[in-house]
Amino acid sequence: MLNKSYRVSGGQKLSSPRSKPSQAVPRSPFPRLGAALLGSRSLPAFGGGKQFIRRPSHTRPVTAAAAAQQQGTNRRRAALEEARMNKDLQAAGSLRTQLTNLFRLAINKAYPDLTDEPVVAACNNPKFGDYQCNNAMQLFAKLKGKEGAPKAPRDVASALVANLPPNELLSETSLAGPGFINIRLSNEFLSKRVSEMLKLGLQPPFSPDLSSKKCVVDFSSPNVAKEMHVGHLRSTIIGDTICRTLELCGAQVLRLNHIGDWGTQFGMLIQHMSELTPSADGGATGDESISDLMELYRAAKKRFDEDEGFKQRAREAVTALQSGDEKSLRMWRAICAASRKEFAAIYERLGVRVEERGESFYNPMLKAVVEELKEKGCAEESDGAICVFVEGQSIPLIVQKSDGGFGYASTDMAAIKHRLEVEKADWIIYVTDAGQAQHFDLVFSAAKKAGWIGTPESKAKIDHVGFGLVLGEDGKKFKTRSGDVVRLVELLDEAKARCTDTIRTRSQETGETVDEASLEHAASAMGYGAVKYADLKSHRMTNYKFSFDSMLDLKGNTAVYLLYAHARIAGIARKAEKDIDALAASTPIVVAHQREVDLALHLSRFPEAMEDMLQELTPNRLTDYLYELSERFNAFYVDCKVLGSEEEGSRLQLVEATARVMRQCFSLLGLIPLYRI
């Protein structure tokens, strides 16, 4: 949506929640209503000084007891659906999942009346064990006072250990504190697990199996006639990583780019272009650059704000466009084509695939959606506007303005309905800045009120993935010295240029020659990868400081360091001159040295990183795993000789397994691995 706005009393505007992704401080999508207003049940009317007053409902009154009973039913249903989805996000090959299954059997056998799920987690301190089961205290509290109840939580823990079924995972268990169960995995099992990962790959069962799921991911969402800036970076690469992870798990993923390609601002731009070049098509050919359109937009906006006559003509141009005037539509298509070409160039550099489905796609559906909401009693008129009031929210979702027009809320309601009923999505994920959380909460609540989600017939999961701001090194919003937002294309150019200089300098120091094609490939992989990784390694809800010096550092948790690490690991296997797959078929992996055990354990935990990432939708779970993997490998390589050792066959497989898991992580994060630097 391009600066789509709606008038409120006093001449204030409500900006489209998708108009400025992550370039403003996270806030409500209704930023100027004021604290006093947000605490009330009414808000200013669009187009005048009246207020929206929530009118009494004409539906049949519901008793407090019936309402409470229904709320309880809804909560239980939501909890069951959440549990079902969380179970779907477990990998059969996950160590944590397998241990959970073992302890579930132990609980059922020791205490058949209890249905508690085991609580299994990796040990914070490896000297105590690899994993820990922490249910004993919770189970003891439930058993206390019953006939034959255990006397202490440690008795519960002892009973669970005694009732564990025979298995190949565990080498030993021990009790600690009031009833913690420490678990040490078998070296033989870890050896077998790494061997299986080498032979079978990292798809299910070593990733959650989502092959029966269809997922819609709404991300990136730039605005037509405006350049993509650093604020669009987070939505684009976070959304891409989520898509890549879902695709590895076998899900059918629809990558939707909900671009802002419709709205009143197009009337302003079309009218300005028509007056500059009064030809049949207003001078719009589709060959305009995005920077040309930006300048035209700024000039049109200035005229709109200062010239009442132009403002009136621009409004008439909007009416003509929305009425299907052929000249207006031709100019609109040309503007969209110019923007689309610029967006495609950015996506190609980032290695991101998207399917464009802008706001204009949903225009034919808006009237019917509003009518359905009215017929179901979900939407009601308030001073001429059609609103959906949501319990617990102080402001309504306005699905039709008092002048009969539609806004971004109408489009988002049509979009969610289409994705549920036409696309048949099992999981819909929206990736936008955190400031839009309230807007999407209203949209999701309105969809639930309409019965589109949260019913036995519609069990789709819907998530809003918010994220924080990109800051400059001074801790303020990332901008150029002139105060403009940082253009994404310039940022990528700078990252690539710096990596080119670094590689040239290194090659001169080492005396190596680098051909231009290899230099181009390596600089692009390192530069673009560095920008992506620096963003993804931070928890998405935090603001992070954008620093070229930090992200291009050859030491520490950076993409450049990890790409170099992978190249060195790939070099080990290359020097061995052996077929690793043939080796894996003939030579067993044996982990005996503690560094071998540590590396094999971390390799085996890849499925857990996938589980955590999907359950929390936080890509930093993958970056954390990847960086720790490189650290575990470094420790292994320092203490365990590979080439020329008696254990060469086994250790080469650990080396190759590390390289393959690193490459899989790179792929999920949208990074291109380098084999030589």
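Residues numbered from 1 in each chain as written. Predicted model: local features only at pLDDT ≥ 70, side-chain atom pairs only at ≥ 80, totals over all residues. Heavy atoms only, no water.

(A) Representation of helix α21 (residues 606-616) in the model. Burial of α21 is extensive: nine of the 11 residues sit out of reach of the surface. Directly after α21, the chain includes Leu617, whose backbone phi takes a positive value near 55 degrees. (Buried < 20%, exposed > 50% of the residue type's maximum accessible area, 1.4 Å probe, protein only. Helix = DSSP H or I, 4+ residues; strand = E, 2+ residues; numbered from the N terminus.)

(B) Structural detail: the nonpolar core. Counting 131 residues, the largest nonpolar core has Leu185, Ile242, Leu246, Leu491 and Phe606 as its most contacted members. Among the nonpolar cores identified, the runner-up in size contains 36 residues, and Leu366, Val388, Leu420 and Trp452 belong to it. (Core = buried A, V, L, I, M, F, W, Y, C linked by side-chain atoms within 4.5 Å.)

(C) Structural view of the environment of Leu105. Secondary-structure assignment places Leu105 in helix α3 (residues 95-110). Along the sequence, Leu105 and Pro165 sit 60 residues apart, while their C-alpha atoms lie 7.4 Å from each other.

(D) Examining the pairing of strand β9 (residues 214-218) more closely. With five of five residues buried, β9 lies mostly within the body of the structure. The two faces of β9 match: Lys214, Val216 and Asp218 on one face and Cys215 and Val217 on the other face are all buried. Taken together, β9, helix α7 (residues 230-248) and strand β10 (residues 252-257) constitute a β-α-β crossover, and its handedness is right-handed. Here four bridges tie β9 to strand β15 (residues 427-431), and the two strands are oriented parallel to one another. Pairing of Val216 across the sheet is with Ile428, part of β15. (Right-handed = clockwise from strand over helix to strand, strands pointing away. Pairing = 2+ DSSP bridges.)

(E) Structural view of the sheet that holds β9. In space, the five strands of this open sheet follow the order β11-β10-β9-β15-β16, with parallel pairing throughout. Looking along the sheet, the strands with just one partner apiece sit at the ends: β11 (355-356) and β16 (461-465). Examined bridge by bridge, β10 and β11 share two bridges and lie parallel to one another. Looking at the pairing, Leu256 lines up with Glu355 of β11.

(F) Here's a closer look at the packing of aromatic side chains. Enumeration over the complete set of coordinates arrives at 11 aromatic pairs. Ring geometry for Phe546 and Phe548: centres 5.1 Å apart, planes at 90 degrees, overall edge-to-face. Comparing Phe546 with Phe548, the two get one shared label, buried. These aromatic residues form a ring-pair network of at least three members: Tyr430, Phe440 and Phe444. Positioned above the aromatic ring of Phe361, the side-chain terminus of Arg357 is 4.9 Å from the ring centre. Looking at Arg605, its charged tip hangs above the ring of Tyr131, at a distance of 4.7 Å from the centre. (Phe/Tyr/Trp six-rings, centres within 6.5 Å; stacked < 30°, edge-to-face > 60°. Lys NZ or Arg CZ within 6 Å of the ring centre and 35° of its normal.)

(G) Focus on the packing of helix α13 (residues 408-421) against helix α14 (residues 437-449). For the pair α13 and α14, interaxial distance at closest approach is 10 Å and the crossing angle is 50 degrees. The angle between the axes of α13 and α14 places the two elements in the oblique class. Viewed along their axes, α13 and α14 form a crossing whose handedness is right-handed. Contacts between α13 and α14 pair Tyr408, Ala409, Asp412, Met413 and Ile416 from the former with His439, Phe440, Val443, Phe444, Ala446 and Ala447 from the latter. Its residues placed into classes, the contact of α13 with α14 shows nine nonpolar, one polar and one charged. (Axes fitted to C-alpha atoms, helices over the stretch in contact; angles between N-to-C directions. Parallel < 35°, antiparallel > 145°, perpendicular 65-115°, else oblique. Left-handed = near helix turned anticlockwise from the far one by under 90°. Contact = heavy atoms within 4.5 Å. Nonpolar A, V, L, I, M, F, W, Y, C, P; charged D, E, K, R; others polar.)

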